[in-house]
Amino acid sequence: MATFQSLPGFREFYPEDLARRNHIFRRWRQTAGTFGFAEYDAPVLEPLELYKTKSGDEIEAQLFSFKDKGDREVSLRPEMTPTVCRLVGAKANALKRPIKWFSIAEFYRYERAQKGRLRAFYQFNADIFGEPGPEAEIELIALLVQCLAGFGLTAEDFYVRLSDRDLWFFYLEALGFDDAQARELLGAIDRFEKMGDDAFKGYVEKFGGLTSDKKDAVLAFMKIRSLDALSAAIAPFAGEKLSARLADWCKVLDGLAAMGLGDFIQVDLSVVRGLAYYTGFVFEAFDRKGDLRALAGGGRYNDLIKKLGYPDLPAVGFAIGDVTTGLLLEQRGLMPNFVQAPDVYCVIGGEKERAAAFGDIHAIRAAGFRVDYPLKEVAFGKQFKAAAESGAKLALIYGADEVAKGVVKVRDLTERTEREVARADAVATVRDFFSGS
RNA sequence: GCGGUCAUAGCUCAGUUGGUUAGAGCACAAGAUUGUGAAUCUUGGGGUCGCGGGUUCGAGUCCCGUUGGCCGCCCCA
């Protein structure tokens, strides 16, 4: 038994695992490119203060934080948002708007690992800065959908729940709650799906009770699942603010529908997101079966960049995790089986023939084809077996007879046919074979 | 941080009321087989039975602790 293990919640990527990870990353990167997002990267290690400023001192319990040799308080990054806010904030006045950026990076959180949730994981992050209108939400939610649909997932497999913290605050204010009460209630709503009525215990303890008619009003708002129901619910409090907000909602839903993505979107006011810094639209992606935790989450955070000490810059963004995405793709049979098959496998008679084969092997590789061959002298029978098992389409046979004649035997491993070609034509023969197939 | 549950070969697992030197299949390697394909047969390497302690003449098996995995709670950027 091995003496050393990887740390809890950390993964090791054997070649097959890395092939799956790369498949996910490749699709994300390609999709973000088609949406006109530019890729960036940033340090893995950051000053601890960056996260405390953004999320409060309590966050330290969830961080991989420590003191470095220069006595600096540092932390491995638990998320990208503060970092990207710094990058954008530092050059806020020099960057062309809208700023559309994405990254694929590893993050670290000191928490108990569970299904779909590890201590080290990758996220695709996408953000739009400098656009206060709902057009940014359309663009980002469309990107989110395509980052999952690109794997072959459909509206049967996952959906995006869309909600709005601004509307919640308007509504709760109209019901007579102050700001502190409203924030506590949003926390309760966030937990309600899991805990039921117990979710309101914290509020009752803090503010000494919740009348049943007000609680019913909150629950009713939370159960809203359509735009019609939403506009009906806020109609009694109609005002300029609310009608403008409703217009934003129409814009987002109409825009996504015009892109053909209507089936992926579900109005769902029970989504509020745990974090306090979200300021408007918030959204989360889930699998339809509902046996996985969230696939992705995001929303608008217009005040955060200013809070970190930079110019006032509106922002909206989301992140998709690699763990849950991978689980869903496995569940739906959408994770391809990756085999590292060579294009060509060389069968080599003996040490004398090896030199001749080496010349061709290198030339064919230089021409861009994947070539493999046995490193040691092996019986012919074994080599043919190895050639078949390798998954190569073509075998090149360098036996004593062929080398003496100045030819190489080319065997089509699928058709089980073979012919001899002049050694000088070996590269051209391989190229022709693969350009024709 | 809390609770439940599990841990035997690279993988899946068997291992009797505690009893000799811990097994099988798959995988890997060698041979049968020095010129043609996923077969077959033979053979081999691989285990401090997660780790530490205890009970016992004797522990993979029973007890305690610990580490790790999985599931749930807290949290979820």
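Shown above is the structure to which this text applies.
This structure is a prediction, so every number in the text was calculated from the model and none was measured.

A. Here's a closer look at the pattern of salt bridges. This structure, assessed with the given rule, holds 29 salt bridges. Between arginine 29 and glutamate 39 there is a salt bridge whose closest N-O contact spans 2.9 Å. Of this pair, arginine 29 sits in helix α1 (residues 15-34) while glutamate 39 sits in strand β1 (residues 38-39), and the two are 10 residues apart along the sequence. A salt bridge links arginine 117 to glutamate 111; its shortest N-O distance comes to 2.6 Å. On the accessibility criterion, glutamate 111 (18% relative accessible area) is buried. It is possible to trace a salt-bridge network through shared partners that takes in Glu402, Lys409, Arg411 and Glu418.

B. Seen up close, the nonpolar core. One finds Phe124 and Trp168 to be the most contacted residues of the largest nonpolar core, which totals 79 residues. Of the residues forming this core, the biggest block, 11 residues, is contributed by helix α4 (residues 135-149). In this view, tryptophan 168 contacts Ser163, Leu186, Ile189, Val218, Phe221, Met222, Leu269 and Val272; residues no more than four positions away in its chain are not counted. Core analysis: the second largest hydrophobic core is formed by 28 residues, Leu63, Ala92, Tyr301 and Leu308 among them.

C. Local environment of the pairing of strand β7 (residues 158-164). Extensive coverage of β7 is indicated by the burial of seven of its seven residues. By the alternation rule, side chains of β7 split into Phe158, Val160, Leu162 and Asp164 and Tyr159, Arg161 and Ser163, which are all buried. Bridge count between β7 and strand β9 (residues 281-287): seven bridges; the pairing is antiparallel. Note on β9: the bridge partner recorded for tyrosine 159 is phenylalanine 286. By the bridge criterion, three bridges tie β7 to strand β8 (residues 265-267) in an arrangement that is parallel. The partner of leucine 162 across the bridge, within β8, is valine 267.

D. How the structure looks around the packing of helix α2 (residues 48-55) against helix α3 (residues 81-90). Following both chains from N to C, one finds α2 and α3 inclined at 100 degrees, their axes separated by 10 Å at the closest point. The orientation of α2 relative to α3 falls into the category roughly perpendicular. Along its contact with α2, which presents Leu50, Tyr51 and Lys54, the element α3 presents Pro82, Thr83 and Arg86.

Reading guide: rules and limits
Residues numbered from 1 in each chain as written. Chains lettered and ligands numbered in written order. Predicted model: local features only at pLDDT ≥ 70, side-chain atom pairs only at ≥ 80, totals over all residues. Heavy atoms only, no water. Salt bridge = Lys/Arg side-chain N within 4 Å of Asp/Glu carboxyl O. Helix = DSSP H or I, 4+ residues; strand = E, 2+ residues; numbered from the N terminus. Buried < 20%, exposed > 50% of the residue type's maximum accessible area, 1.4 Å probe, protein only. Core = buried A, V, L, I, M, F, W, Y, C linked by side-chain atoms within 4.5 Å. Contact = heavy atoms within 4.5 Å. Pairing = 2+ DSSP bridges. Axes fitted to C-alpha atoms, helices over the stretch in contact; angles between N-to-C directions. Parallel < 35°, antiparallel > 145°, perpendicular 65-115°, else oblique.

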